[in-house]
Amino acid sequence: MKTYNVAVVGASGAVGEELFRVLEEVEFPIGELLPLASANSAGQEIECKGKSYKIEELTETVFTEYADNDKRIDIAFFSAGGSISEKYAKYAVESGAVVIDNTSHFRMNADVPLVVPEVNPEDIEWWEETGIIANPNCSTIQMVQLLKPLHDLYGIKRVDVSTYQAVSGAGKAGMEELVKQMQDFFAFKLSESECNAFAHQIALNVIPHIDVPQENGYTKEEMKMVNETAKIMGTDFALSATCVRVPVLRSHSESITITFQDGVDVDVDKAREVLAAFENVTVIDDMSKNEYPMPIIATDTDETYVGRIRKDLFSDNILHLWGVADQVRVGAATNAVRIAQKWIKMRKN
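The structure presented is a predicted model; accordingly, all values stated were derived computationally and were not measured. (Residues numbered from 1 in each chain as written. Predicted model: local features only at pLDDT ≥ 70, side-chain atom pairs only at ≥ 80, totals over all residues. Heavy atoms only, no water.)

In this structure, F63 and L321 are the most contacted members of the largest nonpolar core, which totals 59 residues. Among the elements that make up this core, the one with the highest residue count is helix α4 (residues 138-154) (7 residues). When sequence neighbours within four positions are dropped, the list of residues in contact with F63 reads A7, V9, L36, L58, I73, A76, F78, Y88, Y91, A92 and S95. L23, V98, I100 and V115 belong to the second largest nonpolar core, which has 31 residues in total. (Core = buried A, V, L, I, M, F, W, Y, C linked by side-chain atoms within 4.5 Å. Buried < 20%, exposed > 50% of the residue type's maximum accessible area, 1.4 Å probe, protein only. Helix = DSSP H or I, 4+ residues; strand = E, 2+ residues; numbered from the N terminus. Contact = heavy atoms within 4.5 Å.)

See below:
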C-alpha cells in the first residue's frame, strides 16, 4: 500500500490531538509523521499508531528541510489558528504538500475549495489552484450534512438554525473554564471564578454570543454558517443563524427549521428515509422511548445524529429537526481526514 508523509500543525492542541486519534482509527496510510507546534510545545511527545513522536517547532523552513531529506510532506493538516495558517501554509504548499486547513482563514477564498466530503467531494478536484483545501466551520459541517439530502429531495427555500455549542469549541481553555467554574460552584466560590475564555460565566448559564459581533447584528460565527453553507452547497437559499454557547463539554447541537419550495408537502417518513440513507448520518427519533440525539451520544463518534423530525403545524412545506455531532471530530478532525482520504482516492483514479 502506498503511504503518505503527514504533518500536523497544532499538534498539541485539541484538534491536533484528535487528528492523531482519527488517523490511527481509520488506519490512515502514514509513512513519516511530523507533529508541529510552537516553540513552547516543541519537545513534547505524542503517540500515534503505536509509536511516539516528538513535536518539532513550526518554522518557515521545516517543510523544505524534510523535502530536502527525501521526506517530503504529502499532506499537511493545519489546526493552529488562522494567523498561523496565513503565515505558514504557503511554505507547506511550496514544498509539495496539499494543505488541509482547519481554520477560517482560507474558507471564503474563491480559489480554495471548502469541502464536506459527504456533500461536495467533487470540489476537491480543484485543490491544485492553491494547494489548499479548507475545512468548514464545525457548526456548518454538521448542518449541511443534514441539509444536503433534504435539499436534493424537496429543494430548500430558507433555513433558520439555532446552535447550542459546547465549550470545547473554544479549545482547551473553554473546557478548563467550565470545569473550574463548576468546581467553584460546589465549593461555594463561583462568584470568585474568573471569566477568560468567555465574556460571561458559562457554568449554569448560556451565552448567545460566539465570535466577534458584526455591523449587521449577527456574529462572525453566525455569518460563517451563512456564507459557508452557500459555498459548499452551491445554493442561494436564505439562511439565518443564532449561535449560543452552552455549558456542555463536547458536541454541538442544532435546532434547524427548513422551509422548502412553495407547493411542497413534506412527508416526514420520506425525510427520515433520505436522512438515514445519507453517508455518516444516523437517525435517532423515537419520542415514545425517549430516544433522540444528545451530546453524550455524539461525543467521541464520527456520526452526525438527527431526530425530533417533525412537520410544521401550520405550513406543509416546513420541517423541524434536531442535529448533534462531536464538533472536535465531525466538525474538525474527522472531516479533515475524510478530505485527505477523498484526495488520495481522487489521485489514484
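Our focus in this paragraph is the side chain of T257. Relative to the assigned elements, T257 resides in strand β11 (residues 252-260). By relative accessible area, which is 19% here, T257 ends up buried. Looking at T257, its side chain comes within polar contact range of the side chain of H320, at 2.8 Å. Contact partners of T257, with chain neighbours within four places excluded, come to R158, V159, D160, I318, L319 and H320. (Polar contact = N/O pair within 3.5 Å; in protein donor to acceptor, adjacent residues only side chain to side chain.)

A few words now on the sheet that holds strand β7 (residues 98-101). Strand pairs in the sheet, formed through backbone hydrogen bonds, run parallel or antiparallel to each other. Pairing within the open sheet is parallel, and its 6 strands lie in the order β5-β2-β1-β6-β7-β8. Two strands close off the open sheet at either side, each with one partner strand: β5 (56-57) and β8 (132-134). The pairing of strand β6 (residues 75-78) with β7 spans 4 bridges and is parallel. Residue pairing for β7: A76 is matched across the bridge by V99. Against the sheet, helix α3 (residues 82-94) contacts β1 (4-9), β6, β7 and β8, and its axis sits at roughly 180° relative to β6. (Pairing = 2+ DSSP bridges. Axes fitted to C-alpha atoms, helices over the stretch in contact; angles between N-to-C directions.)

Within this structure, the stated rule accounts for 7 aromatic pairs. By way of ring pairs, the aromatic residues Y4, W127 and W343 are connected into one cluster. Against the face of Y4 rests K2, its NZ or CZ located 5.0 Å from the ring centre. (Phe/Tyr/Trp six-rings, centres within 6.5 Å; stacked < 30°, edge-to-face > 60°. Lys NZ or Arg CZ within 6 Å of the ring centre and 35° of its normal.)

Even without glycine at this site, D211 takes up a positive phi of about 80°. Tracing the sequence through the fold places D211 in the loop between α5 (171-186) and α6 (220-233).

Okay, the pairing of strand β13 (residues 304-311) next. Bridging between strand β12 (residues 281-283) and β13 involves 3 bridges; their strand directions are parallel. Paired with T282 across the two strands is Y305, which belongs to β13. Relative to strand β14 (residues 318-325), β13 runs antiparallel, the two being bridged by 6 bridges. Within β14, the residue paired with G307 across the bridge is W322.

The subject of this paragraph is the layout of surface pockets. Computed from the structure, the largest pocket encloses a volume of approximately 800 Å³. Along its surface, the largest pocket is lined by 31 residues, and V15, N102, G169, A170 and G171 are the ones closest to its centre. Looking at the lining of the largest pocket, the elements with two or more residues in it are α1 (14-25), α5, α6 and α9 (329-348). A per-element tally of the lining of the largest pocket places α6 first, with 3 residues. Considered class by class, the residues forming the lining of the largest pocket number 9 nonpolar, 15 polar and 7 charged. If you go around the second largest pocket, you meet 13 residues; those closest to its centre are G10, A37, S38, A80 and I84. Going through the elements one at a time, β2 (30-37) and α3 are the ones with two or more residues in the lining of the second largest pocket. (1 Å grid on protein atoms, 1.4 Å probe; cavity = no way out; pocket = protein on both sides within 12 Å on 5 of 7 lines; lining within 4 Å. Points joined across faces, edges and corners; volume = space filled by probe spheres on them. Nonpolar A, V, L, I, M, F, W, Y, C, P; charged D, E, K, R; others polar.)

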